[in-house]
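Letter by letter, the chains look like this.
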Amino acid sequence: MTNAKAPAADSVTPLFDRALINALPVEHLFDLSIALELGQVIPTPLGTRLTFVVKGGRFEGPRLRGEMLPGGGDWVSLGADGTSRMDVRATLRTDDGVLIHYESHGILRFPADGRQRLARGERLSFDESYVRPTPRFETSDERYAWLCGIVTVGYGEYGPGRIDHRMFCIL
């Protein structure tokens with residue numbers, strides 16, 4: 001079977017011959033605010049581990065809203081280079097009762113005095129930190145199954161006992 005409408009091979013410009021895209025097309029997915037228990041700091045031979053237990057949270061966006069349930073966590077690995085790597089696992093519950101597994105990795109870099117400022121109760125703004133989560137979602141509910149097939153990135157801010165992320169779907 002042939003496709004009569006297929007373009008001729010020479011009429012399609014190869015990707016590397018096109019102009020660079022300097023901004024990825026994105027769509028706002030939701031804003032997420034997470035309340036955390038005080039972190040547990042664990043020095044190890046491979047670096048410092050920090051464990052934060054989720055106390056709860058809220059998310060809201062154009063296509064979904066709800067809460068992050070208590071009991072999930074963020075297992076952060078702080079490298080000798082000062083870069084932290086996130087490993088978040090939690091459960092989202094939409095306002096219409098659907099449970100969604102939330103898993104996120106990403107990178108955190110704070111200013112040199114950032115951890116001390118957080119300990120003093122200060123908030124680290126988006127402008128002075130590099131907080132970039134890359135969440136994934138799992139659910140079999142047909143209303144939200146589309147979440148399982150998207151790439152999501154975000155940016156965020158940290159404050160004492162709280163993380164705020166703004167999440168986007170890459171189109």
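Since we're looking at a predicted model, the values are computed, not measured.

**Thoughts on the overall build of the protein chain**
Secondary structure summary: the protein chain contains one helix and ten strands in total. Taken from the N to the C terminus, the helices and strands of the protein chain come in the order β-β-β-β-β-β-β-α-β-β-β. The globule rule puts the C-alpha radius of gyration for 171 residues at 16 Å, and the 20 Å found for the protein chain is more than 25% above it. Sorting the 171 residues of the protein chain into buried and exposed places 36% on the buried side. Roughly 10500 Å² of accessible area belongs to the protein chain as shown, and the carbon and sulfur atoms make up 56% of that amount. Of the side-chain charges in the protein chain, 20 are positive and 22 negative, and the distance between the mean point of each set is 2 Å.

**Quick look at the confidence of the model for the protein chain**
With 94% of its residues at a pLDDT of 70 or more, the protein chain has an overall mean of 92. Mean pLDDT in the protein chain bottoms out at helix H1 (residues 114-119), which sits at 86, and peaks at strand S4 (residues 65-68), which reaches 98.

**Examining the environment of Ile100**
When you line up the elements, Ile100 lands in strand S7 (residues 99-109). Look at Ile100 and you get buried, because its relative accessible area is 1%. For the pair Ile100 and Asp141, spaced 41 residues apart in sequence, the C-alpha separation works out to 8.7 Å. The contacts of Ile100, once residues within four sequence positions are left out, are Ala90, Thr91, Leu92, Thr94, Phe137, Glu138, Thr139, Tyr144 and Leu147.

**Here's the deal with the pairing of strand S5 (residues 73-78)**
The buried fraction of S5 is high, at five of six residues. The pairing of strand S3 (residues 47-60) with S5 spans six bridges and is classified as antiparallel. In the sheet register, Thr51 faces S5, and the bridge partner there is Trp75. Pairing geometry for S5 and strand S6 (residues 84-94), over four bridges, is antiparallel. Counted as the bridge partner of Asp74 is Val88 from S6. Taking the residues that link successive antiparallel strands as the turn, the S5-S6 hairpin has five residues, and the phi of Gly82 there is positive, at about 85°.

**Some remarks on the packing of aromatic side chains**
In the structure shown here, the tally under the stated rule is six aromatic pairs. Where Phe110 meets Tyr158, the ring centres are 5.3 Å apart and the plane angle is 70°; that geometry is what we call edge-to-face. Of this pair, Phe110 sits in the loop between S7 and H1 while Tyr158 sits in strand S9 (residues 151-159), and the two are 48 residues apart along the sequence. For the pair formed by Phe110 and Tyr158, the shared burial category is buried. Cluster of aromatic residues (ring-pair linked, three or more members): Phe30, Phe59, Tyr102 and Phe137. One cation-aromatic arrangement involves Arg63 over Trp146; the distance from NZ or CZ to the ring centre is 3.8 Å. The positively charged end of Arg109 is found above the aromatic ring belonging to Tyr130, 4.5 Å away from the centroid.

**A closer look at the nonpolar core**
Leu29, Phe30, Leu32, Met68, Tyr102, Phe137 and Leu147 are the most contacted members of the largest nonpolar core, which has 33 residues in total. When residues of this core are traced back to their parent elements, those giving at least two are strand S1 (26-36), S3, S5, S6, S7, strand S8 (130-138) and strand S10 (162-170). Contacts of Leu147, omitting those with residues within four sequence positions, involve Leu29, Leu64, Ile100 and Phe137.

Conventions and cut-offs
Residues numbered from 1 in each chain as written. Predicted model: local features only at pLDDT ≥ 70, side-chain atom pairs only at ≥ 80, totals over all residues. Heavy atoms only, no water. Helix = DSSP H or I, 4+ residues; strand = E, 2+ residues; numbered from the N terminus. Rg over C-alpha atoms; globule rule 2.2 N^0.38 Å. Buried < 20%, exposed > 50% of the residue type's maximum accessible area, 1.4 Å probe, protein only. Areas by Shrake-Rupley, 256 points an atom, 1.4 Å probe, with all protein chains shown as cover. Lys, Arg positive; Asp, Glu negative; His and termini not counted. Charge placed at Lys NZ, Arg CZ, Asp CG, Glu CD. pLDDT = per-residue confidence, 0-100. Contact = heavy atoms within 4.5 Å. Pairing = 2+ DSSP bridges. Phe/Tyr/Trp six-rings, centres within 6.5 Å; stacked < 30°, edge-to-face > 60°. Lys NZ or Arg CZ within 6 Å of the ring centre and 35° of its normal. Core = buried A, V, L, I, M, F, W, Y, C linked by side-chain atoms within 4.5 Å.

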